[in-house]
Structure formats: structure tokens, C-alpha cells
Amino acid sequence: MAETSSVSVVISDNPFKRLDKALSRDVPEDANLSRSRLAKLIAAGQVTLNGVVEVNQKAKVAAGDVVVVTVPVASVSHIEAEDIPLVVVYEDDDLIVINKPVGMVVHPAPGTPSGTLVNALMHYCGDSLSGVGGVARPGIVHRIDKETSGLLVVAKSDVAHQGLAAQFEKHTVERRYLAVVYGAPDAYDPRLRGVKGVNFESGNIMRITTQLARHKTDRQKQAVLFGSGRHAVTRSRILQPLGHPVVASLIECWLETGRTHQIRVHMAHAGHGLIGDPTYGGRRKLSVKAVGEAGQAAARAFPRQALHAATLGFKHPVSGEDMQFEAQMPEDMAKLISDLTQKSTVA
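Residues numbered from 1 in each chain as written. Predicted model: local features only at pLDDT ≥ 70, side-chain atom pairs only at ≥ 80, totals over all residues. Heavy atoms only, no water.

**Student:** So, helix 1 (residues 19-26): which residues are in play, and what are the values?
**Tutor:** Side chains that are three or four residues apart share a direction in an α-helix, a result of its 3.6 residues per turn. The set of residues buried in helix 1 consists of L19, D20, A22, L23 and D26. Axial view of helix 1: buried residues confined to an arc of 165°, hence all on one face. (Buried < 20%, exposed > 50% of the residue type's maximum accessible area, 1.4 Å probe, protein only. Helix = DSSP H or I, 4+ residues; strand = E, 2+ residues; numbered from the N terminus. Arc of directions from axis to C-beta.)

Now the structure itself:
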């Protein structure tokens, strides 16, 4: 028989009229039971109301009612724990913020069953995972591509998982990226005025608004659409023009939505693909006169999309505290920018 624990709750004054809402309000925080988890426990017959099993989430309750929740101990995940080094930016009982390195996949999949961030977190967090959806595993609420570096927040408790997921769904999480792109997305570029979905806001901020969906013929790619797909909005601004004349730029991008490959496909749509991006960026030959031989070679050889998740901001799902984190640009991108600005003398 599965091991269980019990949480006893006395419904306080002025409760919500239905069981699930009242219980969600009054259950102790340290129980780490989100409303969705409580709803599942009610439906599974794990909740009694004044000594009688109640499976109706909408059952009426009143102040002074006694509710007992029987909680099965979180089951062991099938995901293997692996001792892989992690750069931990922040951690508490409910969540952990990681600076993910280039080359690490976030979640196990058929092609990458091991060596992922989740495998590493299973080992690193160990018994501190209180259970997400009844399973002792990290709660992934967003992802960044394998070859993109930078910040990720991961839930360690069910309450944190639900709270963070709700913020991502409402697009209230701040996510800012650094990218090195071909060209310079400037409001004075007449070409950009003719690109559908591209507009400029004050401060030379480029706003790209499209729908995104899987490419019809290449299922590994995303495609820009305007009649169907998922709504996607990306904003960007130039931080540093690169080359003389300018042939590339360091830009900051921030997301209103968070779709698969969003920055990569949107910047390519605008004609400013990311340097090194094998899927969307292309391999353009930069002018030696503009960036020198070292810059030209560095751009041609850069092995990944030049993209880094630099800033992450959200409300702590338990304490309500405003949280914001920064991750310094990785060495390979910093070296690329340096090479693009160290123009050698050309005869």
C-alpha cells in the first residue's frame, strides 16, 4: 500500500462556497498543494468533509467545516538522476534558477534520453523535490533551445509549478535575450518597411507580430504565417552596431509571447538572421573591409545560434516577491563580438 500523509484543514471565516476554492485558500502553504493538485485528490476520493468522503469539487462548505486531505507520498520519477555540473543562480524550497550552458537539452526526449537539465536537476535537488503532480520531479515551465545559453526557472514544488505556469501563460514573465545578427534592424531601413508584420516603435524598437506554426515540409522548423498558427510578438533594439560599415549588430530581444524558436524565426523573417544559426540564419560572408579577416572568419565558424537568455524576471509563486536575475554573456559570444570589432588593416 502506498505511503500517505494527511493534512487537516478547518475552513476559516467567510469561505468560498465550493470545496476546492475554500480548501485552496485555507490549506497550509507548507503542504505544497496547488488548487489543481487538490482538485485531483478530491476526484480520487482522497478528501473527507466532516468525516465523509467528498468527490465533488463544488460541494458546499461553511466556516468551521473540517476537511482532511490524504496525500500519497510523491512517487519516484522514471527519469534517471545524473551527476552533471550546474550553474545555480538562485534556489529556495520552491524553485531553482539555472544558467544553462550551450549544448544542454532541457528535457529528456527520444533522441536525448540522458544528459539533460532535468537529469542533472534530479541528482542536484534529490529529496528537496516535494513533488509536481504527485511525482518527485522538476517542474519545467519554459525551455530554451539546446544551443542557446542562459537563464531558466524550474519549479521544485507543485504550488510553484502551477504559479509559474500561470505567469508564463499570461505573458507576465520578463525574458530578455542578447543576440548577434546579420545587418542592423533600423527604422530608417526602407527594406524593412515592406516586410509584413514588422513595425517600429519609438526608440528604434522593432516589433515583429506574426503567427508561428510548424513548417509544412520540415517538421524541425517553425514558419511565419498570417492566417493561422499561434500569435507571436518579439521586440528588439540595437545595442551595438558591428563593422565599418555596419554589417552585423548585437541586439536585445524581449518576448511578449514565448513560442518555439520565436526569436530565431522572427529575426530571419525580418532579414536579420542570427549569426551561426544553422536552421534560420544562413551562412552569409561578411565583408573583410567591414570586419577584418578575423571577424569574417569568426562569423563563418561560429558553431551555434548567437543567442543568450540574459534576463529573467517573475513574481515568486509562493512569496509574491518580485524576482529578477541576470546572466553574463557567455565567452563564445563575447569573443565573437570582439572579433567583429577588431578590424585588421586591409591593403
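**Student:** Give a detailed account of the environment of V195, specifying residues and quantitative values.
**Tutor:** Inspection of the secondary structure assignment puts V195 in the loop between strand 11 (174-182) and strand 12 (198-201). Distance in space between the C-alpha atoms of V195 and A270 is 6.6 Å, their sequence separation being 75 residues.

**Student:** Kindly report on the pattern of salt bridges, identifying the contributing residues and their values.
**Tutor:** Applying the stated criterion across every chain, the model contains 16 salt bridges. In this structure, R25 engages D26 in a salt bridge whose closest nitrogen and oxygen atoms are separated by 2.8 Å. On the basis of relative accessible area, D26 is assigned to the buried category, the value being 18%. Taken together, the shared-partner salt bridges in this structure form one network comprising E174, R176, R237 and E252. (Salt bridge = Lys/Arg side-chain N within 4 Å of Asp/Glu carboxyl O.)

**Student:** Can you tell me about the packing of helix 6 (residues 288-301) against helix 7 (residues 331-341), naming the residues and giving the values?
**Tutor:** Helix 7 packs onto helix 6 with a crossing angle of 150° between their chain directions and a minimal axis gap of 7 Å. The orientation of helix 6 with respect to helix 7, classified from their angle, is roughly antiparallel. Helix-helix and strand crossings are classified by hand; for helix 6 and helix 7 the assignment is left-handed. Residues V291, A294, G295, A298 and A299 of helix 6 form the contact with helix 7, whose participating residues are L336, D339 and L340. Residues that form the contact of helix 6 with helix 7 fall into these classes: 6 nonpolar, 1 polar and 1 charged. (Axes fitted to C-alpha atoms, helices over the stretch in contact; angles between N-to-C directions. Parallel < 35°, antiparallel > 145°, perpendicular 65-115°, else oblique. Left-handed = near helix turned anticlockwise from the far one by under 90°. Contact = heavy atoms within 4.5 Å. Nonpolar A, V, L, I, M, F, W, Y, C, P; charged D, E, K, R; others polar.)

**Student:** Please provide a residue-by-residue account of the nonpolar core, values included.
**Tutor:** Counting residues in each nonpolar core, the largest one holds 32 residues, and the members touching the most others are L117, Y177, I263 and M267. Going through the elements one at a time, strand 7 (95-100), helix 3 (117-125), strand 10 (149-155), strand 11, strand 13 (205-214), strand 16 (248-255), helix 5 (262-269) and strand 17 (307-315) are the ones with two or more residues in this core. No other element matches helix 3, which puts 5 residues into this core. Ignoring anything within four residues of it in the chain, the contact list for I263 reads Y177, T234, C253, L255, L274 and L307. One finds V180, Y182, L242 and A306 within the second-largest nonpolar core, a separate group that totals 20 residues. (Core = buried A, V, L, I, M, F, W, Y, C linked by side-chain atoms within 4.5 Å.)

**Student:** Quick one: what's the story with unusual backbone geometry, residue by residue and with numbers?
**Tutor:** P245 follows H244 through a cis peptide bond whose omega is 0°. As for its position among the elements, P245 is in the loop between strand 15 (230-242) and strand 16. Not every positive phi belongs to a glycine, and N14 is a case in point at roughly 50°. Positionally, N14 belongs in the loop between strand 1 (4-10) and helix 1. N14 gets classed as exposed once you look at its relative accessible area, which sits at 71%.

**Student:** If you had to explain the environment of P101 to someone new, which residues and values would you point to?
**Tutor:** Within the secondary structure layout, P101 lies in the loop between strand 7 and helix 3. Residue classification places P101 among the partly exposed positions, given a relative accessible area of 38%. Taking C-alpha positions, P101 is 8.2 Å from E147, a pair spaced 46 residues apart along the chain. Residues in contact with P101, not counting those within four places in the same chain, are K146 and T148.

**Student:** An account of the environment of A166 is requested, with residue identities and associated values reported.
**Tutor:** On the secondary structure map, A166 appears in helix 4 (residues 158-169). Residues A166 and Y90 lie 76 residues apart in sequence; the distance between their C-alpha atoms is 21 Å.

**Student:** Give a description of the pairing of strand 6 (residues 88-91) that names residues and reports values.
**Tutor:** With 3 bridges joining them, strand 6 and strand 7 adopt antiparallel strand pairing. In the strand pairing of strand 7, V88 is matched with I98. Connecting strand 6 to the antiparallel partner strand 7 that follows it, the hairpin turn spans 3 residues. (Pairing = 2+ DSSP bridges.)

**Student:** Hey, could you go over the side chain of R304 for me, with residue numbers and the actual values?
**Tutor:** Mapped onto the elements, R304 comes out in the loop between helix 6 and strand 17. The exposure class of R304 is buried, given its relative accessible area of 2%. Only 3.0 Å separates the side chain of R304 from the backbone oxygen of E147, close enough to count as a polar contact. (Polar contact = N/O pair within 3.5 Å; in protein donor to acceptor, adjacent residues only side chain to side chain.)

**Student:** Before we move on, can you summarise the packing of aromatic side chains with the specific residues and values?
**Tutor:** What describes a pair of aromatic rings is the distance from one ring centre to the other and the angle between the planes of the rings. Across all of its chains, the model carries 2 aromatic pairs by this definition. For the pair Y90 and F325, a centre-to-centre distance of 5.5 Å together with 40° between the ring planes defines the contact as tilted. Of this pair, Y90 sits in strand 6 while F325 sits in strand 18 (residues 322-326), and the two are 235 residues apart along the sequence. With a relative accessible area of 26%, Y90 lands in the partly exposed category. Judged by its relative accessible area of 10%, F325 is buried. (Phe/Tyr/Trp six-rings, centres within 6.5 Å; stacked < 30°, edge-to-face > 60°.)

**Student:** Would you mind going over helix 3 in detail, with residue names and values included?
**Tutor:** With 7 of 9 residues buried, helix 3 is to be regarded as a mostly interior element. For helix 3, every residue scored as buried is listed here: L117, V118, N119, A120, L121, M122 and C125. At the exit of helix 3 stands G126, carrying a positive phi of roughly 55°.

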